[in-house]
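# Architecture and fold: a report
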Amino acid sequence: MTHPTIEFHDLHPTPADFAAEVLAGLRRRPRYIPPKFFYDARGSQLFDAITALPEYYLTRAEVEVLAANAAEIARRVGTGSLLVEPGGGSCAKVRILLEGLRPCAYVPMDISREHLRAAAEQVAAEFPWLEVHASCADFTRAMTLPETAPEPEGPRVAFFPGSSIGNFDPEGAVGFLAAVAELVGPGGFLLIGADRKKDKAILDAAYDDAAGVTAAFNLNLLERMNRELGADFDLAAWRHRAFYNEAQGRIEMHLVSLRPQTVRVAGESFTFDAGETIHTENSYKYGIEEFQALAARAGFEPAAVWSDARGLFAVHLLRT
Ligand code: TRP
C-alpha cells in the first residue's frame, strides 16, 4: 500500500500563546477563556463523541442536509474549485461533498495538529485523485492559504460546517465572514452550517447531555491547564453549566466554582468565590433571514439555503 502524501503546514500556537490568552482571560471579569483551547488531542476526541450523542442533534441534522443536497450544491458551485475548510479538524463532513464537487485541491485548516494530520492523510487515502494541503493554524488569528495551494480553474469555496460560526459573538462573526469573503474573492462561495433558534428544552439538552460527555469536554480545559500550564485546578471543585440564554439567542457554557478557592495558573494566583464562573463558550443560534443579514454585512449574498426535515439546522450557500 502506498502511503498517502499530504502537504502539511505548521503554524500551531505555542505554549506561550496558550498561557498568555488564559492569563488575560482569568484576569478579566467576568472571566473568559477562548473556546479554541478546548481542542487538544483529548478535547478533539471528546468533541467527536459529543457529535454522536442522542441529544446533540446538530451533526445529524447537518449531515442529513448535506447528503440530501450534495448534487445541488455541486451544480451551483461547479467543479475544479479550491475547497478550503477552516477548523476542518476531522475532515468528516467534507467527504459527503467531494465526489460531486471534484475540487482541484482541498485545504483543511485546524488548530489541533495530530488530529488534523491523521484526518488529512485519511482523506488523501480515500480520495486518491485529490490534492490535500493541510494547514495547522489558528484561523481566528490568520486566514491565509498555504503557498503550495494551486490556483483553481473554478471558484474558491470555503466550507464552514458545524455551526462553528455560532461560537463567535455576532460582531466577531461578521469579522470572520469578511475574512472568508476576502479569502474566496470575487466569484467565491461559502457553504456554512448555522444552527437555528428553537425551543429552549431542545437546546439545553444538546449542551448538557445525560451521559456527561459535554461536561467532560468543558472540564478538560481545566485538566489541560493543569497539564500544560502547571495549574492546580481541583477538578472536584468545578462543575459544567450550560443553558440557552433566550434574550441573547445563545447557549452559554461555563465552569462553575463549587466553593471559594484559590488556584495557581502559570505562576499567578486567582481567587474564585463559590458560584463564580469561567465563561468558556457561546453558541449563537440564528434565524434564516437573521443569518443572511449578518452575512450581508460581511459582503456575502444568499445563493441558497437548505434545512433538515425537522427544521432544526440550516446550511447556507453564500456568494461574494
Ligand atoms: N460549534 C458547535 C456548537 O456550537 C460545536 C461546539 C463548539 C460545541 N463547542 C462546543 C458543542 C461545546 C458542545 C459543547 O454547537
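Placed above this text is the structure.
Residues numbered from 1 in each chain as written. Predicted model: local features only at pLDDT ≥ 70, side-chain atom pairs only at ≥ 80, totals over all residues. Heavy atoms only, no water.

### Re helix 8 (residues 213-229)
Formally: The way it works is that DSSP assigns letters per residue, a run of H or I at least four long becomes a helix, a run of E at least two long becomes a strand, and they are numbered from the N terminus. Given the number of residues in a helix, its expected span is that number minus one, multiplied by 1.5 Å. At any given residue, the bend is defined as the angle formed between two axes, one fitted to the seven residues that end at that position and one fitted to the seven that begin there. For every residue, the accessible area (1.4 Å probe, protein chains only) is compared with the maximum for its type, and the residue is labelled buried under 20%, exposed over 50%, or partly exposed between those bounds.
With 17 residues, helix 8 extends 24 Å between its outermost C-alpha atoms, agreeing within 8% with the 24 Å of an ideal straight helix rising 1.5 Å per residue. Roughly 30° is the biggest bend found in helix 8, and it falls at Leu219. With respect to burial, helix 8 is a largely interior element, 12 of its 17 residues being buried. Residues Val213, Thr214, Ala215, Phe217, Asn218, Leu219, Asn220, Leu221, Leu222, Arg224, Met225 and Leu229 constitute the buried set of helix 8. Of the residues trailing helix 8, Gly230 is marked for its positive phi of about 60°.

### Observations concerning the sheet that holds strand 8 (residues 238-245)
We count it as follows: A pair of strands counts as paired when DSSP detects no fewer than two bridges linking them.
Pairing in this open sheet of 4 strands is mixed, and the strands run 2-12-9-8 from one edge to the other. Each edge of the open sheet is held by one strand with a lone partner, namely strand 2 (31-32) and strand 8.

### Here we look at the site of the ligand
The criterion, for reference: Near residues are defined by distance, with any heavy atom within 4 Å of the molecule or strand qualifying the residue. Within 3.5 Å is the distance limit for a polar contact, defined as a pair of N or O atoms, with the added protein rule that one can donate a hydrogen and the other accept it, and that residues adjacent in sequence qualify only through two side-chain atoms. Each residue is assigned to one class: nonpolar for Ala, Val, Leu, Ile, Met, Phe, Trp, Tyr, Cys and Pro, charged for Asp, Glu, Lys and Arg, and polar for all the others, Gly among them.
Close contacts around the ligand come from 15 residues, with Tyr56, Asn167, Tyr207, Glu281 and Ser283 the closest. Contacts to the ligand include Ser163, whose backbone N or O atom sits 3.3 Å from a nitrogen atom. Ser283 places a polar side-chain atom, nitrogen or oxygen, 2.6 Å from an oxygen atom of the ligand. Within the residue set of the shell around the ligand, elements represented by two or more residues are helix 2 (41-50), helix 8 and strand 12 (277-284). Considered class by class, the residues forming the shell around the ligand number 8 nonpolar, 6 polar and 1 charged.

### Digging into the pairing of strand 6 (residues 156-160)
The side chains of a regular strand alternate between the sheet's two faces. Most of strand 6 sits inside the fold, with 4 of its 5 residues counted as buried. Here strand 3 (residues 82-86) pairs with strand 6 via 3 bridges, running parallel. Its bridge partner being in strand 6, Leu83 is matched across the sheet by Val157. Looking at chain direction, strand 6 and strand 7 (residues 189-195) are connected through 4 bridges and run parallel. Each bridged residue has a counterpart across the sheet, and for Ala158 the counterpart in strand 7 is Leu190.

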